[in-house]
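Geometric and topological summary
This is what each chain is made of:
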Amino acid sequence: MLDLSVVVPTHNRIDYLPALLSSLAGQDYPPDRWELIIVDDGSSDGTRRFVECYSGPRPANMRLLSQAQSGVAVARNNGASVARGRAVLFLDDDMIASPRLVREHALVHAQDPCAVVIGHVSLPVEGRDPWVAWEDDKLHRHFQALRSGTRTPGPRDFYTGNCSVSTTLFRSIGGFDASLPRTEDVEIGYRCRNAGANFYYRADADSLHLGRHSFEGWLRNARLYGRCDVTLAWEKGHAELQHKIFGWFLSRQALIRALVSACSGRPALEAPTVRLLDRVGRGLHAVGVRKVSNACYSAIYNLVYWLALIEALGKERFWAGVQATKVDRARSGGHPPGYGVASSPPASPRILTPASEPMRPATHAHEHTAMPMRPPPPAPPTSPITEGQRP
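Before going into details, it helps to say that this report is about the structure given with it. (Residues numbered from 1 in each chain as written. Predicted model: local features only at pLDDT ≥ 70, side-chain atom pairs only at ≥ 80, totals over all residues. Heavy atoms only, no water.)

Helices and strands together make up the secondary structure of the protein, namely 13 helices and nine strands. For the protein, the residues scored as buried account for 57% of the 391 residues in total. With an accessible surface of roughly 15,400 Å², the protein has 55% of that area assigned to carbon and sulfur atoms. (Helix = DSSP H or I, 4+ residues; strand = E, 2+ residues; numbered from the N terminus. Buried < 20%, exposed > 50% of the residue type's maximum accessible area, 1.4 Å probe, protein only. Areas by Shrake-Rupley, 256 points an atom, 1.4 Å probe, with all protein chains shown as cover.)

Among the surface-exposed residues, Val287, Val289 and Val292 lie close enough to one another that they form a single nonpolar patch of about 240 Å² accessible area. Looking at Val289, the relative accessible area reads 33%, which means it is partly exposed. (Patch = residues over 30% accessible without salt bridge, like charges linked within 9 Å, V, L, I, M, F, W, Y side chains within 5 Å. Salt bridge = Lys/Arg side-chain N within 4 Å of Asp/Glu carboxyl O.)

All right, on to the nonpolar core then. Side chains of a nonpolar character, in soluble globular proteins, are inclined to be buried together. Judged by nonpolar contacts, the single largest core of 54 residues is most densely connected at Val6, Leu36, Val116 and Cys192. Judged by nonpolar contacts, the second largest core, of 39 residues, contains Tyr190, Ala222, Leu277 and Val322. (Core = buried A, V, L, I, M, F, W, Y, C linked by side-chain atoms within 4.5 Å.)

Considering all chains together, one arrives at 23 salt bridges under this definition. Across the pair Glu35 and Arg84 runs a salt bridge, and its minimum N-O distance is 2.9 Å. With Glu35 in strand E2 (residues 34-41) and Arg84 in the loop between helix H3 (72-81) and strand E4 (85-91), the pair connects residues that are 49 residues apart, well separated along the chain. A salt bridge links Glu187 to Arg191, with the shortest nitrogen-to-oxygen separation between them at 2.8 Å. Placement of the pair is Glu187 and Arg191 together in helix H7 (residues 184-194), with a separation of four residues, close to one helical turn. Classification of Glu187 as buried rests on a relative accessible area of 3%.

With that settled, consider the packing of aromatic side chains. By the definition in use, this model includes 22 aromatic pairs. Between the aromatic rings of Phe143 and Tyr159, the centroid separation amounts to 6.1 Å while the plane-to-plane angle is 80°, which identifies the pairing as edge-to-face. Residue Phe143 is located in helix H5 (residues 130-148), and its partner Tyr159 is located in the loop between H5 and strand E7 (162-166); the two are separated by 16 residues in the primary sequence. With respect to class, Phe143 is no different from Tyr159; both count as buried. Just above the ring of Phe176 sits the side chain of Arg76; from NZ or CZ to the centre is 5.7 Å. Against the face of Phe215 rests Arg282, its NZ or CZ located 5.5 Å from the ring centre. (Phe/Tyr/Trp six-rings, centres within 6.5 Å; stacked < 30°, edge-to-face > 60°. Lys NZ or Arg CZ within 6 Å of the ring centre and 35° of its normal.)

Right, let's get into the environment of Asp136. With respect to the secondary-structure elements, Asp136 resides in helix H5. Overall, Asp136 belongs to the buried group, its relative accessible area being 2%. On a C-alpha basis, the gap between Asp136 and Ser122 in space is 8.8 Å, while along the polypeptide they are 14 residues apart.

Moving on to the pairing of E4. In terms of residue burial, E4 counts as a mostly covered element, since six of its seven residues are buried. Direction of pairing for E4 relative to E7: antiparallel, over a ladder of five bridges. Bridge pairing in E7 links Ala87 to Ser166. (Pairing = 2+ DSSP bridges.)

Following both chains from N to C, one finds helix H11 (residues 267-286) and helix H12 (residues 290-313) inclined at 160°, their axes separated by 8 Å at the closest point. It follows that H11 is roughly antiparallel to H12 by the angle criterion. Remark: the crossing between H11 and H12 carries left-handed chirality. Within the contact between the two elements, H11 uses Glu270, Thr273, Val274, Leu277, Asp278, Val280, Gly281, Arg282, Leu284 and His285 and H12 uses Arg290, Val292, Ser293, Cys296, Tyr297, Ala299, Ile300, Leu303, Val304 and Leu307. (Axes fitted to C-alpha atoms, helices over the stretch in contact; angles between N-to-C directions. Parallel < 35°, antiparallel > 145°, perpendicular 65-115°, else oblique. Left-handed = near helix turned anticlockwise from the far one by under 90°. Contact = heavy atoms within 4.5 Å.)

Bringing H3 into the picture now. Within H3, nine of the 10 residues are buried, which leaves it mostly tucked inside the rest of the structure. All of the buried residues along H3 are Val72, Ala73, Val74, Ala75, Arg76, Asn77, Asn78, Gly79 and Ala80.

Of all the residues in helix H1 (residues 17-25), the buried ones are Leu17, Leu20, Leu21, Ser23 and Leu24. Along the long axis of H1, the arc covered by the buried residues comes to 165°, so they all point the same way. (Arc of directions from axis to C-beta.)

With respect to the helices and strands, the residue Leu277 is situated in helix H11. As a C-alpha pair, Leu277 and Ser298 span 21 residues in sequence and 9.8 Å in three-dimensional space. Discounting residues that sit within four places of it in the chain, Leu277 has contacts with Leu259, Cys296, Ala299 and Ile300.

A pair of packed helices can be characterised by two numbers: the angle between their axes and the separation between those axes. Taken N-terminus to C-terminus, the directions of helix H10 (residues 254-263) and H12 make an angle of 45°; their axes are 10 Å apart at the nearest point. Of the possible angle classes, the one that applies to H10 and H12 is oblique. With respect to the hand of their crossing, H10 and H12 are arranged in right-handed fashion. The residues of H12 that touch H10, namely those facing Ile256, Leu259, Val260 and Cys263, are Ala299, Asn302, Leu303, Trp306, Leu307 and Ile310. Along the lines of polarity and charge, the residues of the contact of H10 with H12 split into nine nonpolar, one polar and no charged. (Nonpolar A, V, L, I, M, F, W, Y, C, P; charged D, E, K, R; others polar.)

Counting buried residues in E2 gives eight out of eight residues, a clear majority hidden from the surface. At this point the chain moves from strand E1 (residues 2-10), through H1, to the parallel E2, and the crossover so formed is right-handed. Bridging between E2 and strand E3 (residues 62-67) involves six bridges; their strand directions are parallel. Across the sheet, residue Asp40 finds its bridge partner in E3, namely Ser66. Viewed along the sheet, the connection from E2 through helix H2 (residues 47-53) into E3 turns out right-handed. (Right-handed = clockwise from strand over helix to strand, strands pointing away.)

Shape is all these values report; function is a separate question.
Now the structure itself:
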């Protein structure tokens, strides 16, 4: 058995792959103790041939799987189904791995067979679109909270851009839920916890996230996360999230809550509000007023996320839940147990807490530019696959 299997799903991201492969070729861990499995999710840009014929730096032990386009959850499940490692490290294709990435993940799993390891994600510091810059800032604060110990790693930190899990545990709980278009990573994080997993964070298991996405794609992700959080809480058995969701909303800034309330049930207001805030945010970003620009994109993301969540749950049900939670808080003199500390809105300089966690890294970016790093038992659902390897 190998120590680790690195599974990378990819779809039409050929421009990212040379940097990823080169960084993985430079790992300081014995190359015969781990493997790389790239899963081509029905790419049409020549990804399969590129990987098969690639002659640049690459890991010594690499395999390519090909499947009809089925999404990242199925791709990761397929990769994990043929993994030979004690643990599976899920890595996004738009990452550049630090030299210690594989070692840090493998060492934890060698010591704890029930481990889930959260790796660090570094973000670029310049050249980003304003909505991506806002997202980068929030993720940076999130991982800095993990690094500093002010946040304890758990299910909602299971971001599949850089995380690993025991292969036996992953297979025993059935892999990723491929019915979810988003939040499939956090959802399996909860199932790992319920199965007895121990969560670890390793700062030296670092990777630089290069991914970008269009403004429209960013909005689409916000809507999907809002809908999928309803699915997790009310349809997938994670009932603990139901009360937390209402608490997260009450932890938003008053202006955010008022904006959501004003647009709730008035769909014609959402688009012009988003356009106005985007226009202001772009202008401020262009002249270097980043804090206020970030506030604009925080408002946009919150508005789109919460309106999608309200639509999925039902307007009356949502506002009744918010009111009931408000009453419970008043009776208890603060936050009921399980709600966590009152959090700041995403644009706040304070540490990210669960209220901001619907925002996660995009798994499908569109551009690739090298940038400097910030300082430091049921079988999973699969689709038919074929396997190939460069001679």
